[in-house]
Amino acid sequence: MNQKELGELRRRFRPEKCAVSRIYGCYVNTAREVVSYLDESLGRMPQDEAEKYLSLLKKSLSGTLGRNLIDIVFSTEQVMDSEEHRLLSALRESGLRDGEIRQAFYQKVIETLDMGESNYLILLAHDAYDVPSRGGDDQPGDSETVFQYILCCVCPVKDGKPELGYFPGENEFHSCTAGQIVSAPELGFLFPAFDNRTANIYNALFYSRSADELHHEFIDAVFRTEPPMSAAEQKEAFESALSGGLEDACSMAVVQAVHEQLRERIEEHRESKDPEPLALTAGEVGGILRSSGVPEDRVASFQEQCGERFGESAALNPANLIDSKRYEIKTSEATVSVDPAYSYLVETRVIDGRKYILIPVGEGVEVNGLPVGVAPPADSEEQA
């Protein structure tokens, strides 16, 4: 799926747009016991409640593709004959109306999902989207296909905090506590994927609120696929490939060049509004290393280590490899943060036998928020 297709589905989750007729789910406590089941008509709910349910479901289609939203790919064997694909297909084909199938899904989730010390709500919805065709001018036309899909999200349920509340009968304010509050989804998924604006039963789209914690236990139980690497795991693997492959060639200047060029690609992709996720190969990163003067044997070693960690010819998401909003240099004595757009200003030098990290400064220098001047040494030419 790309960003445009994702946005098309997200716009469905308004009462006047979607074809969701019922909301299903179950409330589970920390002992993995079902407290209650949910099976309610969306049309018979008060409008504000219906909007809240749709908002929770919509959040499981939020975030960034490749970080919070991960492609789950089923093998041909799974699609042809596997318990996990049969269950997902049965949920979809029944429109979630079959209670036994829903119960089988709930049990699979409850037996495996680790939500720590939090109660949680499993929500399920089925939608049938009359996909409008696109004319040559990219304007909606008549519908050519109906995309039937299920959307699931898992929301932590937490105790409300004590607050002051007004009691009209007493004309006074008293402390009161809201009941159990349903939080934004922790994880969820869409099945099947909406690829090229049609159903792709070989894929699902998995959502995780935290890009660094993908709930591998849920992925293994529901999809039975190799869990993808989280954003944090991808960053760690990339950094290990750089340090392990380059060895002593992994200098400040080289890392600086890699960071700058990847950040530039991320910015260019954002400005282009290309709906397809940004991706590059280890070979392209190798080109950056070569242009930075890294020896060919070290470049080859880096690419080999990338192959071991990510798989041969893997597409890498630059946003997962670096922190494009932070550039930090740390020593045992100090930590310096630099605006990533100005990381090129950082230099390393050896002066009188000692190693230094140098950052040129202009006006506007502050120490703990206090404006200060930067005076040259007394014996410098400027003071002479």
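Caption draft 1: Fine view of the nonpolar core. Core analysis: the biggest nonpolar cluster contains 35 residues, and Leu 9, Ile 23 and Leu 123 have the highest contact counts within it. For this core, the secondary-structure elements that each account for two or more residues are helix H1 (3-10), strand E1 (22-28), helix H2 (47-59), strand E4 (119-134), strand E5 (140-159), strand E10 (193-195) and strand E12 (203-208). The biggest single contributor to this core is E5, with six residues. Not counting chain neighbours up to four residues away, the residues in contact with Leu 9 comprise Met 1, Leu 61, Tyr 129, Phe 147, Tyr 149, Leu 190 and Phe 194.

Caption draft 2: Summary view of the pattern of salt bridges. Following the criterion strictly, the structure yields 17 salt bridges and no others. Across the salt bridge formed by Arg 22 and Asp 39, the nearest N and O atoms sit 2.8 Å from each other. Placement of the pair is Arg 22 in strand E1 and Asp 39 in strand E2 (residues 34-41), with a sequence separation of 17 residues. Judged by relative accessible area, which is 39%, Asp 39 ranks as partly exposed. Across the salt bridge formed by Arg 326 and Asp 323, the nearest N and O atoms sit 3.2 Å from each other. Taking the relative accessible area as the measure of exposure, Asp 323 reaches 30% and is therefore partly exposed.

Caption draft 3: Summary view of the packing of helix H4 (residues 83-93) against helix H5 (residues 99-112). Relative to each other, H4 and H5 sit at 130°, their axes nearing to 9 Å. When the axis of H4 is compared with that of H5, the two are oblique. Regarding H4 and H5, the two cross each other, and that crossing is left-handed. Within the contact between the two elements, H4 uses Glu 83, Leu 87, Ala 90 and Leu 91 and H5 uses Ile 101, Arg 102, Ala 104, Phe 105 and Lys 108. Per-class residue counts for the contact of H4 with H5 are six nonpolar, no polar and three charged.

Caption draft 4: Examining the pairing of strand E15 (residues 347-351) more closely. Taken together, the five bridges between E15 and strand E16 (residues 354-358) define a ladder with antiparallel strand orientation. Bridge pairing links Ile 351 to Arg 354 in E16. The antiparallel pairing of E15 with E16 creates a hairpin that spans two residues between the two strands, and Asp 352 there sits at a positive phi of about 50°.

Caption draft 5: Structural context of helix H9 (residues 282-291). Within H9, the full set of buried residues consists of Ala 282, Val 285, Gly 286, Ile 288 and Leu 289. All buried residues of H9 lie within an arc of 155° about the axis, which places them on one face of the element. Lining the buried residues of H9 we find helix H7 (231-246), helix H8 (252-272) and helix H10 (296-310). Phi for Gly 293, located one or two positions after H9, is positive at around 90°.

Caption draft 6: Examining the layout of surface pockets more closely. Approximately 710 Å³ is the volume found for the largest pocket. Lining the largest pocket we find 26 residues, and of these Thr 64, Arg 67, Ile 266, Arg 270 and Ala 319 sit closest to its centre. In terms of residue class, the lining of the largest pocket is made up of nine nonpolar, seven polar and ten charged.

Caption draft 7: Examining unusual backbone geometry more closely. Of the consecutive residues Phe 191 and Pro 192, the connecting peptide bond is found in the cis state with omega at -10°. Along the chain, the position of Pro 192 falls in the loop between strand E9 (187-191) and E10. Phi angles above zero are rare outside glycine, and Asn 196 is one such case at about 55°. Residue classification places Asn 196 among the exposed positions, given a relative accessible area of 69%. The backbone of His 215 sits at a positive phi, close to 50°, despite the residue not being glycine. Relative to the helices and strands, His 215 is located in the loop between E12 and helix H6 (216-223).

Caption draft 8: Geometry of the environment of Glu 33. Tracing the sequence through the fold places Glu 33 in the loop between E1 and E2. Along the sequence, Glu 33 and Leu 61 sit 28 residues apart, while their C-alpha atoms lie 28 Å from each other. Excluding residues that lie within four positions of it along the chain, Glu 33 makes contacts with Tyr 27 and Val 28.

Caption draft 9: Representation of H8 within the structure. A rise of 1.5 Å per residue sets the reference length of H8, with its 21 residues, at 30 Å; its end C-alpha atoms lie 30 Å apart and thus fit the reference within 8%. Every buried residue of H8 is listed here: Val 254, Gln 256, Ala 257, Val 258, His 259, Leu 262, Arg 263 and Ile 266. On the buried face of H8, the contacting elements are H7, H9, helix H11 (318-321) and strand E13 (327-330). Following H8 by one or two positions, Lys 273 adopts a phi angle in the positive range, close to 60°.

Caption draft 10: A look at a nonpolar patch on the surface. A contiguous nonpolar surface patch, about 380 Å² in accessible area, is contributed by Leu 164, Tyr 166 and Phe 173. Here Tyr 166 lies in strand E6 (residues 162-167).

Caption draft 11: Local environment of the side chain of Arg 12. Relative to the elements of secondary structure, Arg 12 occurs in the loop between H1 and E1. Contact partners of Arg 12, with chain neighbours within four places excluded, come to Lys 17, Cys 18, Ala 19, Asp 127, Ala 128, Tyr 129 and Tyr 149.

Thresholds applied
- Each chain has its residues counted from 1, running along the sequence as written.
- Local features in this predicted model are restricted to residues of pLDDT 70 or higher, and side-chain atom pairs are both shown and tallied only at a pLDDT of 80 or more, whereas totals for entire chains, interfaces and linings draw on every residue.
- As a convention, hydrogens and water are excluded, and side-chain values are obtained from all of the structure's heavy atoms.
- The nonpolar core is taken to be a set of buried Ala, Val, Leu, Ile, Met, Phe, Trp, Tyr and Cys residues, with the residues joined through side-chain atoms within 4.5 Å.
- Burial classes follow relative accessibility: with a 1.4 Å probe on protein chains only, a residue under 20% of its type's maximum area counts as buried, one over 50% as exposed, and anything between as partly exposed.
- Each helix is a run of H or I in the DSSP string that is no shorter than four residues. Each strand is a run of E no shorter than two, and both are numbered from the N terminus.
- A contact between two residues is defined here by any heavy atoms of the two lying within 4.5 Å.
- In what follows, salt bridge is the name for a side-chain nitrogen of Lys or Arg lying within 4 Å of a carboxyl oxygen of Asp or Glu.
- Here an angle of 0 to 180 degrees is reported between the N-to-C directions of two axes, which are lines fitted to C-alpha atoms, with helices fitted over the stretch in contact.
- By the definition adopted for this analysis, an angle is roughly parallel if under 35 degrees, roughly antiparallel if over 145, roughly perpendicular if from 65 to 115, and oblique otherwise.
- Crossing chirality is assigned from the near helix's rotation relative to the far helix, an anticlockwise turn below a right angle marking it left-handed and a clockwise turn marking it right-handed.
- Throughout, the ten residues Ala, Val, Leu, Ile, Met, Phe, Trp, Tyr, Cys and Pro are labelled nonpolar, Asp, Glu, Lys and Arg are labelled charged, and all others, Gly among them, are labelled polar.
- Each pair of strands is called paired provided DSSP finds at least two bridges between the two strands.
- Each direction from the helix axis to a C-beta atom contributes to the arc, which is the arc of those directions.
- Residues are called lining when one of their atoms sits within 4 Å of a cavity or pocket point, these points coming from a 1 Å grid over the protein atoms alone, where a cavity is a set in which a 1.4 Å probe fits but cannot get out and a pocket is an open set with protein on both sides within 12 Å along at least five of seven lines.
- Grid points are joined across faces, edges and corners, and a volume is the space filled by probe spheres set on the points.
- In this analysis, the expected span of each helix is defined as 1.5 Å times one less than the number of residues it contains.
- Residues enter patches when they are more than 30% accessible in relative terms and free of salt bridges; like-charged ones are connected within 9 Å and nonpolar ones (Val, Leu, Ile, Met, Phe, Trp, Tyr) within 5 Å.
- Computed with a 1.4 Å probe, the accessible areas rest on the Shrake-Rupley method; for each residue, only the protein chains presented here act as cover.

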